[in-house]
Amino acid sequence: MFVKTTRSWPEAERNCVSLGDKLVSVPNVVKYLGANLASVHSFAEEQFLQMMVLVNTGGFPLTWIGGFDAVQSKDRRWLWSDGSNFDHRNLAKVRPDAGAGETCIHMNFGGQQRWNNALCVRSLPSVCSLRLLPLRQTIH
């Protein structure tokens, strides 16, 4: 879900979590595991998020996703706020002037719409995603 209201990264994450708290699981079909800023695990998912932002805004504004630096040092250790593996990357080349405080990731940076780390207090729109676990049904 694209969230047009601009917020800092921590506020955007809290907003996604609060939106998720209002949802209910569908019994015997899926177990609802919560909502967070979106994590991205493939190029196809990344393109889907970019198209969702484009449809909602008519462009590619900088938009928070769920990536953040847990270590907050030169040795970046990127994580997703939903706890999933950071197994797909599209980070722009590291900028020499990037400060250690730039620990949150937004998408749509530069002409190639890559990801970039920025100060978490920056106010940007965001993308929330739900985590669902499909339940197997036994056929008797």
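Conventions adopted
- Starting from 1, residues in each chain are numbered consecutively following that chain's sequence as written.
- Given that the model is predicted, a residue must reach a pLDDT of at least 70 before its local features are reported, and side-chain atom pairs must reach 80 or more before they are shown or counted; all residues, however, enter totals for whole chains, interfaces and linings.
- Side-chain metrics in this entry use all non-hydrogen atoms of the structure; hydrogen atoms and water are not considered.
- In DSSP terms, a helix is any run of H or I states spanning at least four residues, a strand is any run of E spanning at least two, and both are numbered starting from the N terminus.
- Exposed residues in this analysis have more than 50% of their type's maximum accessible area, buried residues have under 20%, and partly exposed residues fall in between, with area computed by a 1.4 Å probe over protein chains only.
- In this description, contact between two residues means that some pair of their heavy atoms is separated by no more than 4.5 Å.
- Computed with a 1.4 Å probe, the accessible areas rest on the Shrake-Rupley method; for each residue, only the protein chains presented here act as cover.
- For this text, the term disulfide refers to a pair of cysteine sulfurs within 2.5 Å.
- Each pair of strands is called paired provided DSSP finds at least two bridges between the two strands.
- Only the six-membered ring of Trp is used, alongside the rings of Phe and Tyr, when aromatic pairs are assigned; centres must lie within 6.5 Å, and planes under 30 degrees apart are stacked while those over 60 apart are edge-to-face, with the rest tilted.
- Here, nonpolar core refers to any group of buried Ala, Val, Leu, Ile, Met, Phe, Trp, Tyr and Cys residues whose side-chain atoms link them within 4.5 Å.

(A) A look at the overall build of the chain. Helix and strand content of the chain: 2 helices and 7 strands. Counting over 140 residues, the chain shows a buried share of 39%. The contacts of the chain with a sequence gap of at least 6 include a subset with a gap of at least 24, amounting to 67%. Split by element, the accessible area of the chain, about 8400 Å² in all, is 57% carbon and sulfur.

(B) View of the state of the cysteines. Under the defined criterion, the tally for this structure stands at 2 disulfides. Shown here is the disulfide that connects Cys16 with Cys128, its sulfur atoms set 2.0 Å apart. Note on the Cys16 and Cys128 pair: the S-S dihedral is about -80°, so by sign convention the disulfide is left-handed. One end of the pair, Cys16, is in helix H1 (residues 9-21); the other, Cys128, is in strand S7 (residues 124-134), with 112 residues separating them in the sequence.

(C) Just the pairing of strand S6 (residues 114-118), in detail. Counting buried residues in S6 gives 4 out of 5 residues, a clear majority hidden from the surface. In this structure, strand S5 (residues 104-109) lies alongside S6, joined through 4 bridges in antiparallel fashion. Paired with Cys104 across the strands is Ala118, a residue of S6. Counted between consecutive antiparallel strands, the loop separating S5 from S6 contains 4 residues, among which Gly110 sits at a positive phi close to 70°.

(D) Molecular detail of the packing of aromatic side chains. In this structure the tally under the stated criterion is 4 aromatic pairs. Relative to Phe68, the ring of Trp9 lies with its centre 5.5 Å away and its plane at 50°, an arrangement referred to as tilted. Residue Trp9 is located in helix H1, and its partner Phe68 is located in strand S3 (residues 63-69); the two are separated by 59 residues in the primary sequence. Judged by its relative accessible area of 9%, Trp9 falls in the buried class. With a centroid separation of 4.6 Å and an interplanar angle of 25°, the aromatic rings of Trp80 and Phe86 are classed as stacked. We note that Trp80, like Phe86, is buried.

(E) Structural detail: the nonpolar core. Counting 14 residues, the largest nonpolar core has Leu49, Ile65, Trp115 and Val127 as its most contacted members. At the level of secondary structure, the elements contributing two or more residues to this core comprise helix H2 (43-57), strand S4 (78-80) and S5. When residues of this core are assigned to their parent elements, the largest contribution, 3 residues, is made by H2. Filtering out sequence-adjacent residues up to four positions away, Ile65 remains in contact with Trp9, Leu37, Ala38, Val40, Trp80, Ile105, His106, Met107 and Trp115. Counting residues in each nonpolar core, the second largest holds 11 residues, with Ala12, Cys16, Leu124 and Cys128 among its members.

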